[in-house]
Every structure is written in C-alpha cells, then in structure tokens.
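If you want the building blocks of each chain, they are given just below.
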Amino acid sequence: NNLLFIIQTKEKNSLFTEKEKEFIKKQLPVKYVFDPNWKPFEFKNEIGEHKGIIGDIFKIIKAKTNLNLIPIATNSWSEAKKLVRENKAEMFSAITENKKRKKYLNFTKHTIFTYPAVLISRADENPENWQEKRVGIKKGYVLIDYIKKHYPALKLIILPSLKEGLKALRDKKIDY
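Residues numbered from 1 in each chain as written. Predicted model: local features only at pLDDT ≥ 70, side-chain atom pairs only at ≥ 80, totals over all residues. Heavy atoms only, no water.

The number of helices and strands found in the protein chain is six helices and eight strands. Overall, the C-alpha framework of the protein chain stretches about 55 × 35 × 30 Å when taken along its three principal axes. Within the protein chain, buried positions represent 34% of all 176 residues. Taking all contacts inside the protein chain whose residues are at least 6 apart in sequence as the whole, residues at least 24 apart take part in 55%. For the protein chain, the exposed area adds up to about 11,900 Å²; of that, 52% sits on carbon and sulfur atoms. Across the protein chain, the mean location of the 36 positive side-chain charges is 3 Å away from that of the 21 negative side-chain charges. (Helix = DSSP H or I, 4+ residues; strand = E, 2+ residues; numbered from the N terminus. Buried < 20%, exposed > 50% of the residue type's maximum accessible area, 1.4 Å probe, protein only. Contact = heavy atoms within 4.5 Å. Areas by Shrake-Rupley, 256 points an atom, 1.4 Å probe, with all protein chains shown as cover. Lys, Arg positive; Asp, Glu negative; His and termini not counted. Charge placed at Lys NZ, Arg CZ, Asp CG, Glu CD.)

Moving on, we get to the pairing of strand β8 (residues 155-159). For strand β7 (residues 134-138) and β8, the ladder comprises five bridges, and the chain directions are parallel. The residue bridging Lys 138 from the neighbouring strand is Leu 159, located in β8. As a crossover connection, the stretch from β7 through helix α5 (residues 143-150) into β8 is right-handed. (Pairing = 2+ DSSP bridges. Right-handed = clockwise from strand over helix to strand, strands pointing away.)

Attention shifts here to the nonpolar core. Core analysis: the largest hydrophobic core is formed by 24 residues, its most contacted members being Tyr 32, Val 33, Ile 54, Phe 58, Leu 69, Val 84 and Phe 92. For this core, the elements supplying multiple residues, two or more each, are β1 (29-33), α2 (53-65), α3 (77-85) and β6 (91-92). Ranked by the residues each element gives to this core, the list is headed by α3, at four residues. Non-local contacts of Val 84, meaning those with residues more than four positions away in its chain, are made with Val 33, Ala 89, Met 91, Phe 92 and Leu 105. Of all hydrophobic cores here, the second largest spans six residues; its members include Ile 144, Ile 147, Leu 154 and Tyr 176. (Core = buried A, V, L, I, M, F, W, Y, C linked by side-chain atoms within 4.5 Å.)

The next point concerns the side chain of Lys 138. On the secondary structure map, Lys 138 appears in strand β7. Setting aside residues up to four positions removed in sequence, Lys 138 forms contacts with Asp 35, Asn 37, Trp 77, Ile 144, Leu 159, Pro 160, Ser 161 and Leu 162.

Our next topic: helix α1 (residues 18-26). Of the residues making up α1, those classed as buried are Glu 20, Lys 21 and Ile 24. Around the axis of α1, the buried residues are gathered within 100° of arc, so they sit on the same side. Turned more than 90 degrees off the buried face of α1, the exposed positions are Glu 18, Lys 19, Lys 25 and Lys 26. Residues of α1 that are buried sit in contact with α2. Note on α1: the residue one or two positions beyond its end, Gln 27, has a positive phi of about 55°. (Arc of directions from axis to C-beta.)

Pasting the structure below:
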C-alpha cells in the first residue's frame, strides 16, 4: 500500500484514506532502509541511527502520524536496495522515481523531499566547457541515467562513494 506522507494534525482535514487510517491504527511495523552515506541528506551515525535531513523528516512523520516506522541500518546503498528486493524491508526513506523502478516499486502520490543536483569543481576549473569534462558520480545513483540522456558528451566516471569522488576531484582525476 502507498502511504501518503503529508502531515495533517486536524482529523477533519486528514489526507489519509480510511484504509490508510486503519493501517495506522494497527501499529504494524513498517521497516524501511536508508542510504547510510548520503550526508547531509541521510546517513547512519556511529551507533546505527538514521540521521540527516531525511531522518529528521521521518521523525516528524512518525510523531504526527503514529506510524510504526522502523529504520533498518545497512552499510551501503546497494545493501539497502537488496533488502527491499528480498522483502526484508517494506520501503525506502527516499528514492528517485523512474520507469525501471516503477516496475517493482509503488511510489507515494506526493514527494516528501526534493533537492537540486550540483556540480562541484576545483577553484582553477573553467566552467565554460563543463559539458566536455570528466564528471564523477557515485555508483548506483539514478542521476547517472539522467546525465547520460541529457548530456551524452560528458565523460562519466563512476565512483564508489562521495568521499572517493572528492579525493578524485582533489587529485585531478575528474573535473567535476
């Protein structure tokens, strides 16, 4: 079932359907996974807790709706995706909707979080010809498909983590 994650505090203005309200009343656990290494949006802290902007949003959702949301900490985004595919978790805290994912995932009617993607460069980089440069991006992100479609001339370098991307930028292995 899709759950509508829009917070309403007055019962008469509730945006939940009757079926969703009944689900919430049952207090069934809803296990979810999150990206453990996507600061500042979300991450796993040193004791395995869901932290960051999205973690804070989930705390508010839980407090306002009484949903029994249970975070499942993983060591990687790949591991988080695997838990959902294997039905060991019911949902993601945040995931980009695309055609491929719509084949096996249900998405909420409204998004709870959006952000702009940005390019980061060294101070000595000239941004005029950025579309002809080497761009690093973290493995497994849907943004890769978007970039390939809209900027096919970019030389994409797939990296294992944001930290490795920043090192590659510092060491001039990538330009952005």
